[in-house]
Amino acid sequence: MPLLEVENLAKTFAGGVRAVDGVSFSLDAGETFGIVGESGCGKTTVAKLVMRLIEPSAGRIRLDAVDLTALGQRALRPHRHKLQMVFQDAYAALNPRQTVGAAIALPLRVAGRSHAESRAETTRLAARVGLEGTLDRFPHEFSGGQRQRIVIARALALKPKLLVCDEPVSSLDVSVRAHVINLLGEMQRELGLALLFISHDLSLMRRIAGRVAVLYLGRIVEIADRASLWAVPRHPYTQALVSAVPLPDPVRTRARHRIVLRGDPPSPVNPPSGCRFRTRCWMAQEICQTDPALREVAPGHRAACHFA
Amino acid sequence: MSLLQVEGLTTRFQGDAGTITAVDGISFTLDRGETLAIVGESGCGKSSAALSLLRLVPAAGSARLDGRDLLALGERDLLAVRGGEIGMVFQEPMTSLNPVLTIGEQIAEALHAHGSTTRERARVRAIELLGLTGIPDPQRQVEAYPHTLSGGMRQRAMIAMAIACAPKLLIADEPTTALDVTVQAQILELLRDLQSRLAMALLLITHDLGVVAELADRVAVMYAGRIVETAPAERLFAQPLHPYTAGLLTASLAFEDSSGPLTEIPGQPPDLAALAAGCAFAPRCPRADARCRIETPLLRRESDRAVACHHAVA
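Going along each chain's sequence as written, the residues are numbered from 1 onward. All chains are assigned letters beginning with A, and all ligands numbers beginning with 1, in the order in which they are written. In view of the model being predicted, local features appear only for residues whose pLDDT reaches at least 70, and side-chain atom pairs are presented and counted only at 80 or more, with totals across whole chains, interfaces and linings using the full set of residues.

A. Quick peek at the overall build of chain B. Each helix corresponds to a stretch of at least 4 residues labelled H or I by DSSP, and each strand to a stretch of at least 2 residues labelled E; elements are numbered beginning at the N terminus. Helix and strand counts for chain B come out as 11 helices and 12 strands. The quantity called the radius of gyration is restricted to C-alpha atoms. Its globule counterpart is 2.2 Å times the number of residues to the power 0.38. Against the 2.2 N^0.38 benchmark of 20 Å for 314 residues, chain B shows a C-alpha radius of gyration of 20 Å, consistent with a compact globule. By its C-alpha atoms, chain B is 65 × 50 × 40 Å across when sized along the principal axes. The exposure label follows from counting other C-beta atoms within 10 Å of a residue's C-beta, where the C-beta atoms are placed from the backbone and the thresholds are 20 or more for buried and 12 or fewer for exposed, leaving partly exposed in between. A buried classification covers 50% of the 314 residues belonging to chain B. Residues are treated as contacting if the C-beta atoms built from their backbones sit within 7 Å of each other. Counting only contacts in chain B whose residues sit at least 6 apart along the sequence, the fraction spanning at least 24 positions is 63%.

In structure tokens form, the structure reads like this:
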């Protein structure tokens with residue numbers, strides 16, 4: 001049975017922005033599942049919904065067979081420790097007036113651990129993420145990569161089963177990014193963690209996620225295992241994304257065929273009818289005015305396109 | 001003669017922790033129509049170098065554009081160069097554009113500043129420029145305010161402003177960093193297209209080796225305020241000589257099937273307020289020895305490339 005099951009999840013914000021519009025996926029224990037897409041596609045909203053940081057407009061989220069969407073905030077509390085989150089901006093995610101030690105200890109204290117127990121566990125966690133002896137220091141004394149490691153230590157304090165990572169390395173330099181990604185991988189193996197990994201970075205996604213969903217204007221347009229998705233993307237949007245990935249290799253990048261899409265993604269306030277990608281799609285026909293279903297196009301590979 | 005000849009460019013800032021040398025005596029040249037990418041991570045001094053050329057931050061050394069030293073120009077001449085002979089595109093178009101002026105008014109501003117032109121002529125030229133940068137329906141968009149445009153369209157408008165006076169040199173500081181990958185592809189294509197049409201030189205400032213690979217003829221890699229390696233793009237990617245360049249390349253993901261841990265560059269970028277003697281990269285370098293911690297390596301030239309390392313790779 002999957003660890004996390006998301007069914008027909010939807011979120012409409014005030015003003016009619018349909019940020020997430022019927023998203024379904026599941027995630028096994030210990031697995032890394034990626035959601036990739038561009039700004040405004042709804043990927044961060046999915047992350048916040050899974051965390052119940054915001055309330056869904058429709059749909060179900062089940063963790064360990066418990067329907068989280070059916071629980072009120074108080075009833076949800078005993079389940080909170082199972083899912084934790086790492087945010088994009090580690091500086092904003094840490095209280096500037098709280099020491100590193102207090103930040104990492106907070107979830108332990110909230111969970112009712114004794115002061116001594118929290119202190120010991122906090123020391124162990126800080127050492128585990130490579131920041132021993134820094135518990136009395138403040139967030140501004142650390143570099144971006146170090147801050148993200150503090151956030152990871154805090155998120156892992158209660159030994160969650162699922163870690164939701166929303167662009168955890170997007171604001172980090174290349175040379176530092178690898179530390180954070182490798183640390184997440186190590187923690188995943190040690191704790192049997194499942195990762196819901198949200199990113200716009202296709203190269204990173206290809207490297208770390210076993211299964212990936214591609215999101216466009218609040219909907220999954222393609223979902224598949226890593227091998228199948230990147231080798232043979234079926235949806236035109238995924239094809240365009242793949243063809244636009246910057247490659248650190250002038251020979252390869254200048255030789256390849258690139259699909260340059262017209263225009264920008266339309267506004268989620270007023271998305272196109274039918275296939276939401278049709279306004280930018282070079283294959284669009286009349287049939288695309290009707291909504292394409294997300295259907296199986298190869299074993300374990302689904303795409304929402306009439307021509308996939 | 002090169003279009004731009006920079007020698008010993010140095011930029012210092014006064015901080016709480018003392019003086020910080022953001023750009024530490026860098027030298028480079030840029031030919032007409034050529035694209036030079038200055039690549040490096042946060043705090044390496046690449047943006048400060050770009051701002052120094054336009055004297056948007058105080059700098060020492062010399063920077064000759066067509067033989068005239070930009071760093072010695074009087075205020076009046078300087079104003080003529082900014083937005084005239086040199087155009088600049090910034091990373092964040094929303095904070096660089098004036099929110100209370102229409103796109104057309106902002107382009108017209110540049111045109112008026114560099115030669116008297118009538119309102120009507122400026123408007124016609126603005127529409128032409130918007131069309132040139134691929135903004136759909138330019139007759140209508142010329143009246144648009146920045147907040148009504150998408151990120152990609154705003155960056156196009158910024159580029160239209162920057163090229164309004166047909167500059168010889170366009171400086172683009174992280175022009176696609178704030179953009180999505182499909183929009184980034186459009187802007188890179190636009191820059192390439194405009195450059196060849198207008199025969200501009202392009203000084204590209206970026207942290208992204210993917211963007212470098214797309215556009216650059218030559219590359220200068222910066223670390224802690226200095227150029228540590230410079231080479232033609234293809235040679236740099238095929239065979240990096242500086243251990244930092246080599247590290248950056250292996251740490252950059254190549255969009256391919258592979259698993260296992262990512263290659264790390266150990267340690268942290270240096271604190272510019274407390275730089276130790278010797279090579280700034282030594283504390284993170286797998287090849288560093290005692291000499292590297294004492295003696296700062298100078299940029300040694302070999303045919304069309306140069307490297308500042310006592311133990312260059314290969």
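B. Inspection of the overall build of chain A at higher detail. Per the secondary structure count, chain A includes 11 helices and 12 strands. For a compact globule of 308 residues, the expected C-alpha radius of gyration is about 19 Å, and chain A comes in at 20 Å, within 12% of that figure. Counting only C-alpha atoms and orienting by the principal axes, one finds that chain A spans roughly 65 × 50 × 35 Å. The 308 residues of chain A split such that 47% are buried.

C. Inspection of the packing of helix α7 (residues 174–191) of chain A against helix α11 (residues 243–251) of chain B at higher detail. Angles shown run from 0 to 180 degrees and are taken between the N-to-C directions of axes, each axis being a line fitted to C-alpha atoms and, for helices, limited to the stretch in contact. Where α7(A) contacts α11(B), the two axes come as close as 9 Å, and the packing angle between them is 50°. Taken together, the axes of α7(A) and α11(B) lie oblique to each other. The handedness of the crossing between α7(A) and α11(B) is left-handed. Facing A:Val174, A:Ser175 and A:Ala178 of α7(A), the residues of α11(B) in contact are B:Gly247, B:Leu248 and B:Ala251. Residue composition of the contact of α7(A) with α11(B), grouped by class: 4 nonpolar, 2 polar and no charged. When describing relative orientation, an angle under 35 degrees is termed roughly parallel and one over 145 degrees roughly antiparallel, while 65 to 115 degrees is termed roughly perpendicular and anything else oblique. By convention, the crossing between two helices is left-handed when the near helix turns anticlockwise from the far helix through less than a right angle, and right-handed when the turn is clockwise. Residues are grouped as follows: Ala, Val, Leu, Ile, Met, Phe, Trp, Tyr, Cys and Pro are nonpolar; Asp, Glu, Lys and Arg are charged; all remaining types, including Gly, are polar.

D. Representation of the pairing of strand β9 (residues 218–223) of chain B. Residues and elements named next belong to chain B. Among the 6 residues that make up β9, 6 are buried, leaving the element largely enclosed by the rest of the structure. Both faces of β9 are covered, namely the face carrying Arg218, Ala220 and Met222 and the face carrying Val219, Val221 and Tyr223. If DSSP finds at least two bridges between two strands, the strands pair. Alignment of strand β3 (residues 35–39) against β9, held across 4 bridges, turns out to be parallel. By the bridge assignment, isoleucine 38 is partnered in β9 with alanine 220. Here 6 bridges tie β9 to strand β10 (residues 226–232), and the two strands are oriented antiparallel to one another. Within β10, the residue paired with arginine 218 across the bridge is proline 232. A loop of 2 residues connects β9 with β10, the two strands running antiparallel in sequence, and alanine 224 in this loop sits at a positive phi of about 50°.

E. Molecular detail of the interface of chain B and chain A. With 39 residues of chain B at the contact, the number on the chain A side is 32 residues. In terms of residue count, helix α8 (residues 181–198) of chain B provides more of the side of chain B that touches chain A than any other element does, 7 residues in total. When the residues that make up the side of chain B that touches chain A are grouped by side-chain class, the tally is 19 nonpolar, 13 polar and 7 charged.

F. Spatial organisation of the sheet that holds strand β3 (residues 32–36) of chain A. Residue and element names in this part refer to chain A. On the basis of which strands lie adjacent, the open sheet formed by 8 strands has the order β6-β7-β8-β3-β9-β10-β12-β11 and mixed pairing. Of all the strands in the sheet, the pair left with one neighbour each is β6 (83–86) and β11 (295–298). Adjacent strand axes in the sheet meet at a mean angle of 25°, parallel and antiparallel pairs treated alike. Where β3 meets strand β9 (residues 211–216), 4 bridges bridge the pair, whose relative direction is parallel. Bridge pairing links phenylalanine 33 to arginine 211 in β9. Helix α1 (residues 43–50) contacts β3, β6, β7 (162–166), β8 (194–199) and β9 of the sheet and is inclined by roughly 150° relative to β8.

G. Just helix α5 (residues 115–128) of chain A, in detail. Residues and elements named next belong to chain A. Over its 14 residues, α5 runs 20 Å from end to end, which matches the ideal 20 Å to within 8%, given 1.5 Å per residue. Listing the buried residues of α5 in full gives Ser118, Thr122, Leu125 and Ala126. All buried residues of α5 project into a common sector of 95° when viewed along the axis, lining one side. Packing partners of the buried residues in α5 comprise α4 (100–110) and α6 (144–156). Two residues or fewer past α5, glycine 130 is found with a positive phi of approximately 80°. Here the expected length of a helix is defined as 1.5 Å per residue gap, with one fewer gap than residues. Directions drawn from the helix axis to the C-beta atoms are what define this arc.

H. Structural context of unusual backbone geometry. All names here are of chain A. The phi dihedral of asparagine 8 is positive, around 50°, even though this residue is not glycine. Relative to the helices and strands, asparagine 8 is located in strand β1 (residues 4–13). For asparagine 8, a count of 13 C-beta atoms within 10 Å puts it in the partly exposed group. Here the phi dihedral of aspartate 64 falls at roughly 55°; this positive angle occurs in a residue that is not glycine. On the neighbour-count criterion, aspartate 64 (16 C-beta atoms within 10 Å) is partly exposed.

I. Molecular detail of the sheet that holds strand β7 (residues 169–173) of chain B. All names here are of chain B. With respect to topology, 8 strands assemble into an open sheet ordered β6-β7-β8-β3-β9-β10-β12-β11, the strand pairing being mixed. Of all the strands in the sheet, just β6 (86–89) and β11 (300–302) have a single pairing partner and so form its edges. The sheet shows a mean angle of 20° between the axes of neighbouring strands, direction not considered. Both β6 and β7 contribute to a ladder of 4 bridges, which runs parallel. Note that in β7 the partner of glycine 87 across the bridge is leucine 170. The strands that helix α7 (residues 151–162) touches are β6 and β7; relative to β6, the one it contacts most, it runs at about 170°.

J. Seen up close, the packing of α7(B) against α8(B). Residues and elements named next belong to chain B. Two elements in contact, α7 and α8, have axes separated by 10 Å at closest approach and are oriented at 15°. Accordingly, the angle class assigned to the pair α7 and α8 is roughly parallel. Between α7 and α8 the crossing geometry is right-handed. Here Gly151, Gly152, Gln155, Arg156 and Ile159 of α7 lie close against α8, whose contacting residues are Val183, Gln186, Ile187 and Leu190. Here the residues of the contact of α7 with α8 are counted per class, giving 4 nonpolar, 4 polar and 1 charged.

K. Summary view of the nonpolar core. Residues of type Ala, Val, Leu, Ile, Met, Phe, Trp, Tyr and Cys that are buried and joined through C-beta atoms within 7 Å form what is called a nonpolar core. Within the largest apolar cluster, 197 residues are counted, with the highest numbers of intra-cluster contacts made by A:Leu196, B:Ile107, B:Leu203, B:Val212 and B:Val219. Those residues in contact with B:Leu203 that sit more than four places away from it in its chain are B:Leu30, B:Leu36, B:Ile38, B:Ala50, B:Leu169 and B:Ile171.

L. Examining the environment of B:Pro266 more closely. With respect to the helices and strands, the residue B:Pro266 is situated in the loop between α11 and β11. Along the sequence, B:Pro266 and B:Met200 sit 66 residues apart, while their C-alpha atoms lie 39 Å from each other.

M. Seen up close, α4(A). Residue and element names in this part refer to chain A. Of all the residues in α4, the buried ones are Val100, Ala103, Ile104, Ala105, Pro107 and Leu108. Against the buried residues of α4 lie α5 and α6. Downstream of α4 by one or two residues, glycine 112 has phi in the positive range, about 90°.

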